[in-house]
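This is what each chain is made of:
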Amino acid sequence: TGPAPLLDVRDLVTRYGRVEALSGVSIQVPAGQIVSVIGANGAGKTTLMNSVMGVLPSAGQITYAGASLQGVPLEGRVARGISLVPERRDLFASMTVQDNLQLGAYLRRREAWRADLDAVYTRFPRLRERRAQLAGTLSGGEQQMLAIGRALMARPKLLLLDEPSLGLAPLIVRDILNIVQQLRQDGVTVLLVEQNARASLAISDQAYVLETGQVKLSGPASAIAKDESLTASYLGGA
Ligand code: ATP
């Protein structure tokens, strides 16, 4: 048996009132890998991310870096090294790029965030150029970079990325997925949720296919990409 995964989710059940959105989901995210979760609209991908982050209450076990996250609130999860880039990006449109980034560092000491800000600007030179611009006036791709940059300000070990390519043109999707690969090279572990299955599988180590709140299939991303039962429904034909 290999080393324990950085994130180990077992039998996760998440409900919205009477609606069970996740019905016993188990996924493992090894340290240093990109693991993608693919699935149709409403499969439960966002619910999974929000449950791991602690935004939504859930039943089951979530173990992170060897310790249970049971009862650990959102801030505690951030402090332990988990950051979420939410699907809607949740930027403050009428605040500047730099102010949005600083909000991502609210749990960090003031001396520390200066260096982190510089690291984010080095990774995203476009954000440095536009640091005084209002976030709401950025292009879609720039807004996604800002959302990722803000999450990086918390110095995550595990980055939860919820549909980073949503609404972006194919060339920009490429840029964003290249950034995700660079983050992995820099030692960040990534759990990636995508509807853009083919592109996300191409950069992932492992993959899970979610269908109506359950894992339908899992394995190495290269094998999932070739799975014939998926080509029609998720991968846009052969
Ligand atoms: P998408 O790609 O469209 O975002 P998803 O795979 O992320 O889909 P979820 O957003 O996790 O799916 O939704 C899973 C299920 O839970 C869906 O049936 C959805 O209608 C339901 N659901 C999500 N949010 C709520 C809510 N706030 N109240 C009630 N039901 C919800």
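Looking at an unreviewed UniProt entry, the protein chain carries the name ABC transporter ATP-binding protein, with the source organism given as Deinococcus radiotolerans. Quoted verbatim from the Sequence similarities (unreviewed entry) field of UniProt, the annotation for the protein chain is "Belongs to the ABC transporter superfamily."

Our next topic: the confidence of the model for the protein chain. For the protein chain, mean pLDDT is 91; residues scoring 70 or higher make up 94% of the total. Taken over the whole predicted complex, pTM reads 0.92, whereas the ipTM for its chain interfaces reads 0.93.

What follows is about the site of the ligand. Residues in contact with the ligand amount to 13 residues; listed here are only the nearest, Asn-41, Gly-42, Lys-45, Thr-46 and Thr-47. In this structure, an oxygen atom belonging to the ligand sits 3.1 Å away from a side-chain N or O atom of Glu-163. Between Gln-195 and the ligand, the recorded distance is 3.2 Å, taken from a side-chain N or O atom to an oxygen atom. Starting from 640 Å² of accessible surface for the ligand in isolation, the protein chains cover 61%. For the shell around the ligand, the element with the highest residue contribution is helix H1 (residues 45-53), accounting for three residues. In terms of residue class, the shell around the ligand is made up of four nonpolar, six polar and three charged.

Across five bridges, strand E1 (residues 7-16) lies against strand E4 (residues 59-64) in antiparallel orientation. Residue pairing in the sheet places Leu-7 in a bridge with Tyr-64 of E4. With two bridges joining them, E4 and strand E5 (residues 67-68) adopt antiparallel strand pairing. In the sheet register, Tyr-64 faces E5, and the bridge partner there is Ala-67. From the end of E4 to the start of E5, which pair antiparallel, there are two residues, and Ala-65 there has a positive phi angle of about 50 degrees.

On to H1, then. Summarising burial for H1: eight of the nine residues are buried, a large majority. Turning to H1, its buried residues number three or more, namely Lys-45, Thr-47, Leu-48, Met-49, Asn-50, Ser-51, Val-52 and Met-53. Backbone geometry just after H1 places Gly-54 at a positive phi near 90 degrees.

We now examine the pattern of salt bridges. Inspection of the entire model under this criterion finds ten salt bridges. Between Glu-142 and Arg-130 there is a salt bridge, with its nearest N and O atoms 3.4 Å apart. With Glu-142 in helix H6 (residues 140-152) and Arg-130 in the loop between helix H5 (125-129) and H6, the pair connects residues that are twelve residues apart, well separated along the chain. By sharing partners, the salt bridges in this structure join Arg-126, Arg-130 and Glu-142 into a single network.

What counts as what
- Residues numbered from 1 in each chain as written.
- Predicted model: local features only at pLDDT ≥ 70, side-chain atom pairs only at ≥ 80, totals over all residues.
- Heavy atoms only, no water.
- UniProt positions renumbered as here; feature names shortened; annotations may be inferred.
- pLDDT = per-residue confidence, 0-100.
- Near = heavy atom within 4 Å.
- Polar contact = N/O pair within 3.5 Å; in protein donor to acceptor, adjacent residues only side chain to side chain.
- Areas by Shrake-Rupley, 256 points an atom, 1.4 Å probe, with all protein chains shown as cover.
- Helix = DSSP H or I, 4+ residues; strand = E, 2+ residues; numbered from the N terminus.
- Nonpolar A, V, L, I, M, F, W, Y, C, P; charged D, E, K, R; others polar.
- Pairing = 2+ DSSP bridges.
- Buried < 20%, exposed > 50% of the residue type's maximum accessible area, 1.4 Å probe, protein only.
- Salt bridge = Lys/Arg side-chain N within 4 Å of Asp/Glu carboxyl O.

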